[in-house]
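Here is what each chain is made of, one letter per residue.
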Amino acid sequence: VRAEDSSGDSRTAGFRMVHSIKILQNYVGSLGLSALIIENPIDLFYLSHLSLSKGILVITEKGAELFVDGRYFEAARKQKDLPVLLYEKNSWAKSLQGPVGFDSTFTSYSQYEDLLSSWPRVKWTPISSPLQPMRARKTPEEISALKKAATLTMLGIEHLRKLLKEGISEEE
């Protein structure tokens, strides 16, 4: 597990995380949901700056909680901007009721059926890529990181181009 920011400044990452979660809290309210669950590891990284293979972020109008398993718990708890709880079977959904949104582009049909049978009192509401509009807008830090990545890519391509010559095999 690692927490990082393209600029290397954890305060900037923390501010962006809090700001992004506040936006999602307003989004939850505007859709009339009681909560939104985020499970996609890419979206979890975007919101928490933690590299997790598994986790669930539950966002309500009043707050957000990140549920992770034992592999990530201690490292994730060091992140002070987001409450972290240990993921135990169904622990993340104990207090859910009413309409709850989930990412329909990430959750499989089998997982959806499991949600329906495990929590029949919850009205599960599919939302296609709920973070996509937010992630489409780039911050100055993200733009800087993209420019750096493009520059490094071009340097790599130029280096390889100089090595290529007619008649040379892949092994050479």
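This text goes with the structure placed above it.
Residues numbered from 1 in each chain as written. Predicted model: local features only at pLDDT ≥ 70, side-chain atom pairs only at ≥ 80, totals over all residues. Heavy atoms only, no water.

A. Representation of the overall build of the protein within the structure. Regarding its fold elements, the protein presents 6 helices and 6 strands. Here the protein holds 172 residues, and the buried ones make up 36% of them. Pairs at least 24 residues apart make up 59% of the contacts formed inside the protein by residues separated by at least 6 positions. Accessible surface computed for the protein: about 10,900 Å², of which carbon and sulfur atoms make up 55%. (Helix = DSSP H or I, 4+ residues; strand = E, 2+ residues; numbered from the N terminus. Buried < 20%, exposed > 50% of the residue type's maximum accessible area, 1.4 Å probe, protein only. Contact = heavy atoms within 4.5 Å. Areas by Shrake-Rupley, 256 points an atom, 1.4 Å probe, with all protein chains shown as cover.)

B. Region of the structure containing helix H2 (residues 41–48). Within H2, burial applies to Asp43, Leu44, Tyr46, Leu47 and Ser48. By the N-cap criterion, in which a side-chain oxygen at the helix start approaches the backbone nitrogen of a residue two or three places on, H2 is capped by asparagine 40, the distance to isoleucine 42 being 2.9 Å. Note on H2: the residue one or two positions beyond its end, histidine 49, has a positive phi of about 60 degrees. (Polar contact = N/O pair within 3.5 Å; in protein donor to acceptor, adjacent residues only side chain to side chain.)

C. Up close: the nonpolar core. Judged by nonpolar contacts, the single largest core of 24 residues is most densely connected at Ile38, Leu47, Leu57, Leu66 and Val68. Elements with a contribution of two residues or more to this core: helix H1 (10–30), strand E1 (35–38), H2, strand E2 (56–59), strand E3 (64–68) and helix H3 (73–77). Sequence-distant contacts of leucine 57, defined by excluding residues within four places in its chain, comprise Leu36, Ile37, Ile38, Leu44, Leu47, Ala64, Glu65, Leu66 and Leu82. (Core = buried A, V, L, I, M, F, W, Y, C linked by side-chain atoms within 4.5 Å.)

D. A look at the environment of valine 84. For valine 84, the location among the structural elements is in strand E4 (residues 84–86). Judged by relative accessible area, which is 13%, valine 84 ranks as buried. C-alpha of valine 84 to C-alpha of phenylalanine 67: the two residues are 17 residues apart in sequence and 5.8 Å apart in space. In this structure, valine 84 is in contact with Leu66, Val68, Phe73, Ala76 and Arg77, ignoring residues within four places of it in sequence.

E. A look at the pairing of E2. Burial of E2 is two-sided: the residues Ile56 and Val58 facing one way and the residues Leu57 and Ile59 facing the other way are all buried. Judged from the 3 bridges that link them, E1 and E2 form a sheet pairing that is antiparallel. Residue leucine 36 lies in a different strand from E2, and its bridge partner there is isoleucine 59. Pairing of E2 with E3, which is carried by 4 bridges, proceeds in the antiparallel orientation. (Pairing = 2+ DSSP bridges.)

F. Structural detail: the pattern of salt bridges. Counted under the stated rule, the structure contains 2 salt bridges. Among the ionic pairs, arginine 71 bridges to aspartate 69, the shortest N-O distance being 2.7 Å. Glutamate 158 is the partner of arginine 161 in a salt bridge, and the nearest nitrogen-oxygen pair spans 3.2 Å. One end of the pair is arginine 161 and the other is glutamate 158, both in helix H6 (residues 140–163) and 3 residues apart, which spans about a single turn. (Salt bridge = Lys/Arg side-chain N within 4 Å of Asp/Glu carboxyl O.)

G. Structural context of the sheet that holds strand E5 (residues 98–103). Pairing in this open sheet of 6 strands is mixed, and the strands run E4-E3-E2-E1-E5-E6 from one edge to the other. Each edge of the open sheet carries a strand with a single partner, namely E4 and strand E6 (122–127). Across the sheet, the mean angle from the axis of one strand to that of its neighbour is 25 degrees, orientation sign disregarded. (Axes fitted to C-alpha atoms, helices over the stretch in contact; angles between N-to-C directions.)

H. Here's a closer look at the packing of aromatic side chains. Counted by the stated rule, this structure contains 5 aromatic pairs. Aromatic pair tryptophan 92 and tryptophan 119: ring centres 5.2 Å apart, planes at 55 degrees, arrangement tilted. With tryptophan 92 in the loop between E4 and E5 and tryptophan 119 in the loop between helix H4 (109–118) and E6, this pair connects stretches of sequence that are 27 residues apart. Its relative accessible area of 7% is what places tryptophan 119 among the buried residues. Taken together, the ring pairs connect Trp92, Phe102, Tyr109, Tyr112, Trp119 and Trp124 into an aromatic cluster. Above the ring of tyrosine 87, the side-chain terminus of lysine 54 is found at 5.8 Å from the ring centroid. (Phe/Tyr/Trp six-rings, centres within 6.5 Å; stacked < 30°, edge-to-face > 60°. Lys NZ or Arg CZ within 6 Å of the ring centre and 35° of its normal.)

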